[in-house]
Amino acid sequence: MELRIDQTSVDRCRALSGSIVAPVEAFIAAHSTVSVERAVLRLLGLDGVGRDEIPVPNVVVESLATPVLARGIALAIGKMVAETGLNPAQAGAAIAAGELDLAQFGATPDEAARAALAPHVEAGMRRLRERRAERGERLERLKQLPPPLLYVIVASGNIYEDRTAAVAAVEAGAQIIAVIRSTGQSLLDFVPYGATTEGFGGTYATQENFRIMRAALDEASERAGRYVMLTNYASGLCMPEIAALAAVERLDMLLNDSMYGILFRDINMKRTFVDQHFSRTLNAYSGIIINTGEDNYLTTADAVDQAPAVLASQFINEEFAHRAGMPDRQIGLGDAYEIDPGLEDGFLFQVAQAQLTRQVFPDAPLKYMPPTKHMTGDVFKGHLIDALFNLTSVMTGQTIHLCGMLTEAIHTPFLGDRALSIDNARYVMNTARHFGDEIVVKPGGTIEKRAASVLAGCEVLLERVASIGLMEAIEGAFFADVKRSPDGGRGADGVFARAPGYLNPFEDALRAELTVPA
Amino acid sequence: MTQGVKPYGDTMNDGKMQLSFTLPIEWNEAADEAARQLAVNMGLVDVQVVEGRKIATGFSFFVLYASTPHSVDVDNVKASPARAHAMSMEEVDAFVAENVGRKIRVAGACIGTDAHTVGIDAILNMKGYKGDYGLERYHWFEAFNLGSQVAAEDLVRFTKEKDVDAILASQIVTQKGSDVKNFTELVELLEAEGLRDRVVLVCGGPRVTGLLAAELGYDAGFGRGTLPSEVAAFIAVTLAERLRRSGSQLFA
């Protein structure tokens, strides 16, 4: 099916997004954050925890005074490596053990630091390349089924139970497994360490949890004869670090939104903008597909009213991703099926929005989220609403399909719920596989008119945002009716201006290899 | 003596019900029989396993129909009084003006680690839910929405500082009883601070029932589908009643 849409308006929306994001990018280029610096350390091989279970990267970053940190943690570690002959991981361990003080090597020339660090930077980059190549080889050998790719969550709070659930879901037909993260983690200013066996609302995103699930899915992939992707969550206070860990453990997707943390977690906007940039640069090079969080606009407010805001956010997310060197095929823009089921012709509106998104972002692996807001304890009706969501997805060619659960709003999915949900999606998508190809949208009909009005509303919104600036627009509650000030929110104190001579060797190496629009 | 009530399939007192569950066993015909016997062990009769199949290695899913020999005496069942006072926004405002005579201060939050504000937002935000305006819109309420992941200590501190009359604690997502733990923690803290009797304490969320609320020591609990005006009416009536009682004590 094909909607007639106003391509001039689409082009104008892209141009507006460019002018909205450009000033923010200038801010990003002049700043860094504690989480960006900790990600640099992780890429250099620092790991583990020191006293009081504080992660080594946190200990090292916190050991420097801000004026020194402002030149980049890499420079400081480089100096220590040059002086001591330790490798960066050993240097980190020595600092965490209190044996050496990072600040004592300040007198070493910058050039010596850069030279000492160079082989370790190359080793870090090589590790990212190897993991990416490994994914490519597996995808070649273990072909995925055609999209929509069925995506289910596991959320027991125990990574070992999650593993059982994930393997069962793969057998039922799941192609992507997302390990739900403990609800509080987005607000932690460190990445917890080790395996989680007792989490609330999920498990922590830790390197060990990533490793456990990756190993289980690799085995399940071999048995199923198709590659199963692994997803976790980066959004929050540690986006860059989680991007680094995910790259190393070969995750395939990460939830990574340029504004979600600001609007829905009250994380400082400057912190989020700087963090999302470096994390996406890493994701781009690692071949990780990002999933953006536009579904949140729909779950917190009326889905019909918010449609233009969703499209506007997709344009802005796309622009930020392009600026971080991401190709379209890695930009999993979000949308959701959240219109009130009681609304007459609501299904037509859903189809209009989904198809509009498909055509506006033809090469993006769109992420389609299931109904949640209007799901009740009536599991029978819920299963039926999910079926229409499945139909919309296959008709409009969505790529990443989050399977709706009949027990949504009751509990985190049971093993049996997941199986029923996957069955539902497989039935609908098989029986209606090429339905979308057979349909001609009635010119001037409800679907076409709805799509046109969403696009027009989006253009108006983007114009308003462009006229005052993105940070000011967020302060003025333009998005999701949420008001955030540029210096308010969590994590603001972790943002600092880069001093002359600032060094982030990974940023330099990544930018040299990625295509970033001028 | 009242006649007990049984589930209704297509004939009075046939006791028909459906159930479905997963067993952690490989599926085969013996697995169907295992599911049937499990239902028999539950006290069900005429058990039919209408669907049994493998859903994963080592896991089987079943759908059953059966009859229960039990009944329930509905005349002796007590329900939550929380929704007993149906009033519109205008009626609630008029009631507060007359019976309280000042704005009622309400603080709401998603407590603990829960980040899902859909419930508390539906009740408090101006827009409300299903065309029923939220408490922020009421003239005689002053509503504070503290948002998500609010620690019980912070909510109690806020209650003290702002002299809050009513607290709404919300829990949407739960896991292994985290919602009950968080609700309990809040009550205990309020009691420790000597504030419990000064506030109208309300909990809400998809699994909350009047019975659970009473068990936890809350004044009321509101489950799925609750309208803001139902919560507003409950708070207004309860607070007015308390003021009347404490007032009459003064004059006694």
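Bear in mind the structure is a predicted one, so any value in this text is a computation, not a measurement.

Contacts between the two partners involve 19 residues from chain B, matched on the other side by 21 residues from chain A. Among the elements of the structure, β1 (16-23), β2 (45-56), β3 (59-67) and α3 (118-124) of chain B are those that each provide at least two residues to the side of chain B that touches chain A. Within the side of chain B that touches chain A, the residues separate by chemical class into 9 nonpolar, 6 polar and 4 charged.

Okay, helix α16 (residues 379-395) of chain A next. Residue and element names in this part refer to chain A. For α16, built from 17 residues, the straight-helix expectation of 24 Å at 1.5 Å per residue is met to within 8% by its first-to-last C-alpha distance of 24 Å. For α16, every residue scored as buried is listed here: Gly382, Ile385, Asp386, Phe389, Asn390, Leu391, Thr392, Ser393, Val394 and Met395. Where α16 is buried, its residues contact α15 (346-360), β9 (367-369), β10 (400-402), α17 (415-431) and α18 (435-438).

Moving on: the sheet that holds strand β3 (residues 176-179) of chain A. All names here are of chain A. Across the sheet, which stays open at both edges, the 9 strands sit in the order β7-β6-β5-β4-β3-β2-β10-β9-β8 with parallel pairing between neighbours. Both outer strands of the open sheet, β7 (331-332) and β8 (334-336), are each paired with one neighbouring strand and no more. As paired elements, strand β2 (residues 149-154) and β3 share 4 bridges and run parallel to each other. When the sheet's bridge partners are listed, valine 154 is paired in β3 with valine 179. Docked against the sheet, α17 engages β2 and β10, running at close to 165° with respect to β2.

Residues and elements named next belong to chain A. Closest axis-to-axis distance for the α16/α17 pair is 9 Å, and the angle between their directions is 45°. One finds that α16 runs oblique with respect to α17. Handedness of the α16/α17 crossing: right-handed. Note on element contacts: α17 touches α16 through Ser421, Asn424, Ala425, Val428 and Met429, opposite His383, Asp386, Ala387, Asn390, Leu391 and Val394.

All names here are of chain A. Relative to the 33 Å expected for 23 residues at 1.5 Å per residue, helix α1 (residues 7-29) spans 32 Å between its end C-alpha atoms, a close match to the ideal helical length. Of the positions making up α1, those classed as buried are Cys13, Leu16, Ser17, Ile20, Val21, Val24 and Ile28. Contacts from the buried residues of α1 go to β1 (31-33), α12 (269-286), α14 (303-323), α19 (446-468) and α20 (470-475).

About the thresholds
Residues numbered from 1 in each chain as written. Chains lettered and ligands numbered in written order. Predicted model: local features only at pLDDT ≥ 70, side-chain atom pairs only at ≥ 80, totals over all residues. Contact = placed C-beta atoms within 7 Å. Helix = DSSP H or I, 4+ residues; strand = E, 2+ residues; numbered from the N terminus. Nonpolar A, V, L, I, M, F, W, Y, C, P; charged D, E, K, R; others polar. Expected span 1.5 Å × (residues − 1). Buried ≥ 20, exposed ≤ 12 C-beta atoms within 10 Å, placed from the backbone. Pairing = 2+ DSSP bridges. Axes fitted to C-alpha atoms, helices over the stretch in contact; angles between N-to-C directions. Parallel < 35°, antiparallel > 145°, perpendicular 65-115°, else oblique. Left-handed = near helix turned anticlockwise from the far one by under 90°.

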